[in-house]
Amino acid sequence: MTNHTNPIIQERKERVQWFEQDRFGMFIHWGLYAIPARGEWIRSTEKMSIQQYQTYYDEFNPVHYNPREWAKAAKEAGMKYAVLTAKHHDGFCLFDSKLTDYKSTNTQAGRDLVREFLEAFREEGLKVGLYYSLIDWHHEDYPAYGDRIHPMRENEAFKRDPNTFGRYLDYMHGQVRELLTDYGKLDLMWFDFSYDEMTGEKWRATELVQMIRELQPHILIDNRLEGSGEQGGSIYTANPSIYSGDFASPEQIIPPRGLVNELGDPIPWEACITLNNNWGYAAADRNYKSATTIIRKLVECVSKNGNMLLNVGPDAKGAIPQESLDILKEIGDWMKKNGDSIHGCRAADFPKPEWGRYTQKGNKLYAHLFEESIGPISLPGLADKIKSARLLADGSEVFVGRPWSAAEFIEDAFISFARPEHFTYPLPDKR
Ligand code: JFZ
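Residues numbered from 1 in each chain as written. Predicted model: local features only at pLDDT ≥ 70, side-chain atom pairs only at ≥ 80, totals over all residues.

Re the overall build of the chain
How we decide: Numbering goes from the N terminus for both helices and strands, where a helix is a DSSP run of H or I of at least four residues and a strand is a run of E of at least two. To sort residues by exposure, count the other C-beta atoms lying within 10 Å of each residue's C-beta; 20 or more gives buried, 12 or fewer gives exposed, and values between give partly exposed, all with C-beta atoms placed from the backbone. In this description, a residue-residue contact is defined by the distance between C-beta atoms placed from the backbone, which must lie within 7 Å.
From N to C terminus, the chain includes 10 helices and 14 strands. Within the chain, the proportion of its 431 residues that are buried is 45%. Pairs at least 24 apart in sequence give 69% of the contacts found in the chain among residues at least 6 apart.

As structure tokens, this is what we get:
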């Protein structure tokens, strides 16, 4: 059942078209926290005072910051868009906001890092987005706390003055206006995040989203003005709110069966995934995932109608860690040969095969073989439906046998169908 009448769902469908084609993006967590190099939550987890954290502001001088190199790395990896932390929870702005002094242009860097990011990535033909933290540990009107810790951790210590919280909201709305007015066309805004009672109208979300849509009607907004991650929000209902977001944002987890709303209609979603175990640069964290693991996660996302936003955490000098670049390079090698099975693809019309996953584009089915196999694999239900089977990487023919329609794949392959829409269920038994 589809809710054809709900304008919010209809408008979203149009906005998300590029997003659901592009499928693969780069997330960039970068800020002062790259200096202590223990992750972006350090100010909270180590209960640092404003003064203690100020050291990093005084020191900040990313002499290696060259976003053109970041953009090249993203493009080479097969990514089609990128999202940079314009402001994270620590409140430090990577852009030249007129509403604060706590910004990169006032540090030794002396540069508008956001502007340079946007220009560089656009130049490489990538779409651009900005992450903007709703939470702000620096702003005096966020909560009035001194040697503060994050409200989620110690609610008792968190005394929000209702009279001054509005000033923070003016500031937050004002900064969003700056970003959407002075920085050209943005493709995506990634707000982070709602919790407890801090959700929706607590952010004056209707007003905020109305302003955003007025300034940049096409822009995509995540679901965290109302929820966090996969959870929460009327994006899952038949009548989503104006600030329910254009896509859900499951974090570090790929939803087992994709995401649908209460009508059973697919919801656009994007899983954000770290390369190691941190978002911000963490020098000691060597727990990097292999390129194979990431590629399989990417395939898994697309096989369930989702996107993947893969994170990098550049270091204090502005360089993406070499380990991350090496993994991106390997992903890129695979994407150059197999990117057609990701870009423009969606969930297949057929159930997941035991040996891997399918993605689909039109009448082409891409068979991603995850199991090691040099023998034939079965393609249940596809007998007589296959027009031809080819190895995607080199175009070579793949033998499709009868009557089990077994094909000998040694790498990911695709099979193109004559008329997939004519398939009937239930499928014949597997071999
Ligand atoms: C948030 C941030 O706190 C984090 O630093 C990073 O930017 C990530 C992408 O987003 O992380 C969250 C947000 C919400 C939850 C958990 C982590 N949550 O509600 O469980």
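A closer look at the confidence of the model for the chain
Worth spelling out the cut-off: pLDDT is a per-residue confidence score from the predictor, ranging from 0 to 100.
Residue-level pLDDT values for the chain average 87, and 86% of them are 70 or greater. In this model, residues 403–414 is a region of pLDDT below 50 whose contacts with residues beyond four sequence positions or in other chains number 50 contacts. Scored below 50 in pLDDT, residues 416–431 shows 25 contacts in the model against residues more than four places distant or in partner chains. Complex prediction metrics read pTM 0.91 and ipTM 0.96.

Observations regarding the packing of helix α5 (residues 67–76) against helix α6 (residues 113–123)
The following threshold applies: Interaxial angle, 0 to 180 degrees, is taken between N-to-C directions of lines fitted to C-alpha atoms, where a helix line uses only the stretch in contact. Note on terminology: angles under 35 degrees are roughly parallel, angles over 145 are roughly antiparallel, angles of 65 to 115 are roughly perpendicular, and the others are oblique. Handedness of each helix crossing follows the sense of rotation of the near helix against the far helix: counterclockwise by less than a right angle gives left-handed, clockwise gives right-handed. Residue polarity is assigned by list, with Asp, Glu, Lys and Arg as charged and Ala, Val, Leu, Ile, Met, Phe, Trp, Tyr, Cys and Pro as nonpolar; anything else, Gly included, falls into the polar class.
Where α5 meets α6, the axes come as close as 8 Å, and the angle between the chain directions of the two elements is 40°. Overall, the two elements α5 and α6 adopt an arrangement that is oblique. At the point where α5 passes α6, the crossing takes the right-handed sense. Only Glu116, Phe117, Ala120, Phe121 and Glu123 of α6 make contact with α5, whose side of the interface consists of Pro67, Arg68, Trp70 and Ala71. When its residues are assigned to classes, the contact of α5 with α6 shows 6 nonpolar, no polar and 3 charged.

Some remarks on the site of the ligand
Here is the rule we go by: Residues are counted as near a molecule or strand when the C-beta atom, derived from backbone positions, lies within 6 Å of that molecule or strand.
Close to the ligand lie Glu40, Trp41, Asp192, Phe193, Ser228, Gly229, Glu251, Cys272 and Trp279. Residues that form the shell around the ligand fall into these classes: 4 nonpolar, 2 polar and 3 charged.

Looking at helix α9 (residues 291–303)
Test applied: What a helix is expected to span follows from its residue count: subtract one and scale by 1.5 Å.
Taking 1.5 Å as the rise per residue, α9 with 13 residues should run 18 Å; its terminal C-alpha atoms sit 18 Å apart, in good agreement. Residues of α9 that are buried: Ile294, Ile295, Leu298, Val299, Glu300, Cys301, Val302 and Ser303. Two residues or fewer past α9, Asn305 is found with a positive phi of approximately 70°.

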